[in-house]
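# Observations on the three-dimensional arrangement
In case you want the letters, here they are:
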Amino acid sequence: MLLKENSHGDQFPVGMRVLAIDANFVCLKYLVTVLQQCRYKVTATTDAEEALQILRNKNEEFDIVITDVVREDIDGFKLLQIISLEMDIPVVMVSANDDVSNIMRSIKHGARDYLLKPVRLQEMMNIWQHVIRKNLDNPEKSSITKEIIDQKTSTLKRTRNQSTKEEDESTKEEGETDTHPDIASSSRKKSRMTWTQELHEKFLDAIQELGNEEAVPNTILKIMNVPGLTRENVASHLQGNTRK
DNA sequence: TGTGAAATAT
DNA sequence: GATATTTCAC
């Protein structure tokens, strides 16, 4: 990982090695796109087992892991636990689920951060701080550390002071309103949900289980029994999958 | 509460 | 600009 200067003269870890994991192919693809826009070096997989293999084989090859929470094979929490237990690498969780319990669970299991889907470019731009922070704790292990330690004070200061300018630039790519990756921000407007493949399949199963007559939002919702899912969510998804 | 359609977000 | 999701009106 190298620190290079961006247009503002600030340092940025171009080419930081990221392992992205998401059971849903579309989500993963999106994740990769965003990460690449951040100029990170991305490796991606939908398979949790494969992810573990990759990590175990070339343990030193990655700076950070980003993984989805909801998955069928290995539950995201378990994956998180294994990784943080087995190796020394920061893990950032990504999820469409903003339940405080899930966030808390992630943090307790060792997650460095918990980002809500869809993840904004701005948020991804900032995840490198977890790598830096980790490396500051064990200087011997990282080649980048010296470089960092020398610069850390000034870099951090400048990052804060220049926040206004940075926002101006970012506005170009993302129509950001206010970017506060604030986990517990209860004032946040309802975030857009993402119909993952798993959810969609549950949805389809529910509809099949019910007859064409019974397949109305409320009953579908009950059959699906997904925490956090609302009647409106189902209704809209139903509409979106009905019309043609 | 269900449905269609407009409004928004990505 | 198309598509997915939310919000609105009935």
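The shown structure was predicted, so the numbers you read here are calculated from the model rather than taken from an experiment.

### Some details on the overall build of chain A
- Across its full length, chain A holds eleven helices and seven strands.
- Each of the 244 residues in chain A was classed as buried or not, and the buried ones make up 27%.

### Points about the UniProt feature "modified residue: 4-aspartylphosphate" (unreviewed entry) in chain A
- Following the UniProt record, the feature "modified residue: 4-aspartylphosphate" (unreviewed entry) maps to D68 here.
- Assessed through the 23 C-beta atoms surrounding it within 10 Å, D68 is described here as buried.
- With near-sequence residues (within four places) excluded, D68 lies in contact with I21, D22, A23, C27, G76, V94 and S95.

### Some details on the sheet that holds strand β5 (residues 64-68)
- Taken in spatial order, the five strands make up an open sheet running β4-β3-β5-β6-β7, and their pairing is parallel. Each edge of the sheet is formed by a strand with only one pairing partner; in this case those strands are β4 (41-45) and β7 (113-116). Going from strand to strand, the sheet's axes swing by 20° on average, the running direction of each strand aside.
- Note that strand β3 (residues 17-21) and β5 share four bridges and pair parallel. Its bridge partner being in β5, I21 is matched across the sheet by T67.

Conventions and cut-offs
- Residues numbered from 1 in each chain as written.
- Chains lettered and ligands numbered in written order.
- Predicted model: local features only at pLDDT ≥ 70, side-chain atom pairs only at ≥ 80, totals over all residues.
- Helix = DSSP H or I, 4+ residues; strand = E, 2+ residues; numbered from the N terminus.
- Buried ≥ 20, exposed ≤ 12 C-beta atoms within 10 Å, placed from the backbone.
- UniProt positions renumbered as here; feature names shortened; annotations may be inferred.
- Contact = placed C-beta atoms within 7 Å.
- Pairing = 2+ DSSP bridges.
- Axes fitted to C-alpha atoms, helices over the stretch in contact; angles between N-to-C directions.

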